[in-house]
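Here's the letter readout for the chains.
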Amino acid sequence: MMPVTRLILAAIVLTLVGCSASGEDELRQWMVEQKSQTRPKVAPISEPKQFKPESYTQVTAIEPFSNQKLTQALRKESIQAAANGALIAPELARRKEALESFPLDAMAMVGSLVKAGQPVALVKVDNLLYQVRPGNYLGQNYGRVTKIAETEVTLREIVQDAVGEWIERTATLQLQERSK
């Protein structure tokens, strides 16, 4: 071996011998002293509150888990479902019109006129111009035209709310100014 390699090997061996048990003994002694001096401070747990049961005062009312309560809830739900079904059923039974396949935001009202005493809106979709009258349907939410003014078309839409019930809402299609 080369003298430098032997010198490095000797330094490593001496370092390992210096780190032997004497340092460990001092560390163990210090840990024992610290452990004996440290006293935990734990606050005592308070006494639990006395439980006082309450009597049931709603004896004359309908029991919340009874079949009668369930029957009432189901009856109310079926009446509401029938009302919702009555709102959407005519829309599902009729034939769809051409402008119902486009969303309202894809349509633009570009003008209005009066034809045979009846207001007519000019609606542009995909570079095609359509004449829309009250009673026609627009958009994908069963939107029926209820009113046509010079600057807007008013629709009655049928949509589902957050809980899945069918409700009516009003929507408008505003006159779009021509952009060059």
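The structure this text deals with has already been given above.
Predicted model only: the values in this text are computed from it and were never measured. (Residues numbered from 1 in each chain as written. Predicted model: local features only at pLDDT ≥ 70, side-chain atom pairs only at ≥ 80, totals over all residues. Heavy atoms only, no water.)

### Let's talk about the nonpolar core
Inference 1: Judged by nonpolar contacts, the single largest core of 15 residues is most densely connected at Met 107, Val 132, Leu 138, Val 145, Val 153, Leu 155 and Leu 173.
Inference 2: Listing elements by their share of this core, those giving two or more residues are β2 (118–125), β5 (143–148), β6 (152–160) and β7 (166–174).
Inference 3: Of all the elements, β2 adds the most residues to this core, at three residues.
Inference 4: Those residues in contact with Leu 138, other than ones at most four positions away along the chain, are Leu 99, Glu 100, Leu 104, Met 107, Val 132, Gly 143, Val 145, Val 153, Leu 155 and Leu 173. (Core = buried A, V, L, I, M, F, W, Y, C linked by side-chain atoms within 4.5 Å. Buried < 20%, exposed > 50% of the residue type's maximum accessible area, 1.4 Å probe, protein only. Helix = DSSP H or I, 4+ residues; strand = E, 2+ residues; numbered from the N terminus. Contact = heavy atoms within 4.5 Å.)

### Overview of the packing of aromatic side chains
Inference 1: The final tally for this structure, using the stated rule, is one aromatic pair.
Inference 2: Consider the rings of Tyr 142 and Trp 166, whose centres lie 6.3 Å apart with planes at 70°: the pair is edge-to-face. With Tyr 142 in the loop between β4 (137–138) and β5 and Trp 166 in strand β7, the pair connects residues that are 24 residues apart, well separated along the chain.
Inference 3: Looking at Tyr 142, the relative accessible area reads 14%, which means it is buried.
Inference 4: By relative accessible area, Trp 166 is classed as partly exposed at 23%.
Inference 5: Positioned above the aromatic ring of Tyr 137, the side-chain terminus of Arg 94 is 3.4 Å from the ring centre. (Phe/Tyr/Trp six-rings, centres within 6.5 Å; stacked < 30°, edge-to-face > 60°. Lys NZ or Arg CZ within 6 Å of the ring centre and 35° of its normal.)

### Regarding unusual backbone geometry
Inference 1: With a phi close to 55°, Ala 116 is a non-glycine residue in the positive phi region.
Inference 2: Following the sequence through the fold, Ala 116 ends up in the loop between β1 (108–115) and β2.
Inference 3: Even without a glycine there, the phi angle at Tyr 142 is positive, about 55°.

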